[in-house]
Amino acid sequence: MSTATVAKPQAQQPGKGSRRFSLPVLLLIIAGVLILTSVVRLITGADGITSTGQMSTALRLAVPIGLAGLGGLWAERAGVVNIGLEGMMILGTWFGAWAGYQWGPWTGVAFGIIGGCLGGVLHAIATVTFNVNHIVSGVAVNILALGTTRYLSKFTFEGVPQGSSKQSPPVDSLGTFSIPGLSSGLDTLNHKGWFLISDIAGLLAGLITDLSPLTVVAVALVPITWWVLWRTAFGLRLRSCGENPVAAESLGVNVYKYKYIAVIISGGFAGLGGAFLSIVASNVYLDGQTAGRGYIGLAAMIFGNWMPGGLALGAGLFGYTDSLNLRGGGTNVHALILLLAILLVFGAAYLVWKKRYTPAVITALISALMFVWYVSTDEVPKQVVTATPYIVTLLVLSLSAQHLRMPKADGMPYRRGQGK
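Residues numbered from 1 in each chain as written. Predicted model: local features only at pLDDT ≥ 70, side-chain atom pairs only at ≥ 80, totals over all residues. Heavy atoms only, no water.

## Side note on helix α8 (residues 197-207)
- When α8 is considered as a whole, its buried residues turn out to be S198, D199, A201, G202, A205 and G206. The arc enclosing the buried residues of α8, seen along the axis, measures out at 160°, which places them on a common side. (Buried < 20%, exposed > 50% of the residue type's maximum accessible area, 1.4 Å probe, protein only. Helix = DSSP H or I, 4+ residues; strand = E, 2+ residues; numbered from the N terminus. Arc of directions from axis to C-beta.)

Below, the structure is given as structure tokens:
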């Protein structure tokens, strides 16, 4: 079947009917946020918010979220809602550590992907073949994965040196690398504390310092996913299954096959994210290690409007807020309260310009409360720092929900031949 035969589903681009920023406008917004962040850093003295270490940690924490989000993207572009990403990540952490401590970290990565794919197969059988509600099936996968890994841990890790029912033996590291010369030079520039220049240097240095090879692979998967789904006949057929499966079937597309492929690949991405957690992030499997990152990955995908680029930005945002737990959290979050208050002022002004006065007043009031919070405190409680990634998830989804468009047939039941 030629690409042209299913051109109709492609004509409806994601987000059509809602406001989409062009690339120059998006770059201007990012530049504006960087400038405001630099101003806030100078006002508050919280140099950690743009330090090389902060950015490097944020990247490391963003990778598993981004991989889970990519998994959700593949499934939902084919019309299958994948709430089971969390469970598939759990399977990836366990299988990755189990194979990794015995046969090496790269073998662990492969088994982590396989573990996630097993969860994907289970979800595909339930939703595609037996037409089970996608949410119910996803929740069931999450519960089964948690119970299965806890059961297997008792028989696998107990009695092994440095292992227990809730922890695997250590896994050898994949190693890290930095870009010689450039990494150290940017880090030095970051420590100068110059307006904007040092902040940009810290951001860039964090992207090329102490990198795991698996991080490079994960980042490369974002443009690869975009190319496969939006620039190949295979991707066009797969996306047509998520937009109008009846029309796709009438044009000769095997909808069941493409849904199965998409959900299994989705599980593989989530499993890779889980393997990253157990092999790269901590070098050990721990019970409860995913900590809801599968759900946050799903939120990053929704924030990105079911597009790889937006997903990557969402994963970076959530990874950054998560990194605040590890590096000067109280001071840095306190500084970010001021940044958020300023951004809300601009948001209120924008809403006034759009003549949406009630939301503008509400936004201005929230901004005022944020300013009062910042002025009346010197540091936020650790509990707030811990909750920051989840608060950001809720805020981002609630603010961006009205500008999103999911694939038309996402989550809808489908039976072969139903259009006849």
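## Digging into unusual backbone geometry
- Phi angles above zero are rare outside glycine, and A291 is one such case at about 50°.
- Position of A291 among the secondary structure elements: in the loop between α12 (255-281) and α13 (293-303).
- Owing to a relative accessible area of 39%, A291 belongs among the partly exposed residues under this scheme.
- Of note in this structure, K355 is not a glycine but carries a positive phi near 60°.
- Mapped onto the elements of the fold, K355 is located in the loop between α15 (329-353) and α16 (357-376).

## Here we look at the nonpolar core
- Ranked by size, the top nonpolar core spans 58 residues in total, and within it L67, L70, L73, L214, L238 and I279 carry the most contacts.
- Looking at this core, the elements with two or more residues in it are α3 (52-77), α4 (85-103), α5 (105-129), α6 (134-156), α9 (213-231), α10 (233-243), α12 and α13.
- Of the residues forming this core, the biggest block, 13 residues, is contributed by α12.
- If sequence neighbours within four positions are ignored, L238 has contacts with W74, R77, A78, L229, Y258 and A262. (Core = buried A, V, L, I, M, F, W, Y, C linked by side-chain atoms within 4.5 Å. Contact = heavy atoms within 4.5 Å.)

## Here's the deal with the environment of A220
- Positionally, A220 belongs in helix α9.
- By relative accessible area, A220 is classed as partly exposed at 32%.
- Residues A220 and K154, spaced 66 residues apart in sequence, show a C-alpha to C-alpha distance of 36 Å.

## Regarding the packing of α10 against α12
- Viewed as axis vectors pointing N to C, α10 and α12 meet at an angle of 100°, and their least axial separation amounts to 9 Å. Looking at the two axes, α10 sits roughly perpendicular to α12. Taken together, the residues of α12 that come into contact with α10 (itself represented by F234, R237, L238 and C241) are V255, Y258, K259, I261 and A262. (Axes fitted to C-alpha atoms, helices over the stretch in contact; angles between N-to-C directions. Parallel < 35°, antiparallel > 145°, perpendicular 65-115°, else oblique.)

## Description of the packing of aromatic side chains
- Inspection of every chain in the model, using the stated rule, returns 15 aromatic pairs.
- With a centroid separation of 5.8 Å and 40° between ring planes, the pair formed by W103 and F111 is classed as tilted.
- Residue classification places W103 among the partly exposed residues on the basis of a relative accessible area of 48%.
- Plain terms: the ring middles of F157 and Y285 are 6.0 Å apart, the flat faces sit at 40° to each other, and that makes the pair tilted. A residue pair is termed long-range when its members are at least 10 positions apart, and F157 in the loop between α6 and α7 (182-190) and Y285 in the loop between α12 and α13 qualify at 128 residues. For the pair formed by F157 and Y285, the shared burial category is buried.
- Just above the ring of Y256 sits the side chain of R416; from NZ or CZ to the centre is 4.1 Å. (Phe/Tyr/Trp six-rings, centres within 6.5 Å; stacked < 30°, edge-to-face > 60°. Lys NZ or Arg CZ within 6 Å of the ring centre and 35° of its normal.)

## Focus on the confidence of the model for the chain
- The share of residues in the chain with pLDDT of 70 or more is 93%, and the mean pLDDT across the chain is 89.
- Every residue in residues 1-19 is under pLDDT 50, and counting partners more than four places away or in other chains gives 35 contacts. (pLDDT = per-residue confidence, 0-100.)

## Re the environment of V132
- Residue placement: V132 occurs in the loop between α5 and α6.
- Distance in space between the C-alpha atoms of V132 and I224 is 31 Å, their sequence separation being 92 residues.
- If we skip the residues at most four places from it in the chain, V132 touches A126, T127 and S137.

## Looking at the side chain of R41
- Position of R41 among the secondary structure elements: in helix α2 (residues 23-44).
- Taking relative accessible area as the criterion, R41 reaches 4% and is therefore assigned buried.
- From its side chain, R41 meets the backbone oxygen of W194 in a polar contact 2.9 Å long.
- Filtering out sequence-adjacent residues up to four positions away, R41 remains in contact with A46, D47, I49, T50, G193, W194, F195, L196 and D199. (Polar contact = N/O pair within 3.5 Å; in protein donor to acceptor, adjacent residues only side chain to side chain.)

## Digging into the environment of L326
- Tracing the chain through its elements places L326 in the loop between α14 (308-323) and α15.
- Taking the C-alpha atoms as reference points, L326 and M301, separated by 25 residues in sequence, lie 24 Å from one another.

## Points about α12
- Across its 27 residues, α12 extends 37 Å between first and last C-alpha, which sits within 8% of the 39 Å expected from 1.5 Å per residue.
- Note on α12: the residue one or two positions beyond its end, N283, has a positive phi of about 60°. (Expected span 1.5 Å × (residues − 1).)

## Points about the pattern of salt bridges
- Counted under the stated rule, the structure contains 6 salt bridges.
- Of the charged contacts, one joins R41 and D199 as a salt bridge, the two residues approaching to 2.6 Å between their closest N and O atoms. Linking R41 in helix α2 with D199 in helix α8, this pair joins segments that are 158 residues apart in sequence. Each of the two residues, R41 as well as D199, counts as buried.
- Salt-bridge contacts for D287 lead to R150; the nearest nitrogen and oxygen are separated by 3.1 Å. Placement of D287 in the loop between α12 and α13 and of R150 in helix α6 is noted, with a sequence separation of 137 residues between them.
- Judged by relative accessible area, which is 41%, R150 ranks as partly exposed.
- Several salt bridges converge on common partners, so that one network encompasses R41, D47 and D199. (Salt bridge = Lys/Arg side-chain N within 4 Å of Asp/Glu carboxyl O.)

## Observations regarding the packing of α4 against α13
- Contact geometry of α4 with α13 gives a least axis separation of 7 Å together with a crossing angle of 130°. Judged by the inter-axis angle, α4 sits oblique to α13. Considering only the axes of α4 and α13, their crossing is right-handed. Along its contact with α4, which presents L85, E86 and M89, the element α13 presents R293, G294, Y295 and L298.
- Tallied by class, residues from the contact of α4 with α13 come to 4 nonpolar, 1 polar and 2 charged. (Left-handed = near helix turned anticlockwise from the far one by under 90°. Nonpolar A, V, L, I, M, F, W, Y, C, P; charged D, E, K, R; others polar.)

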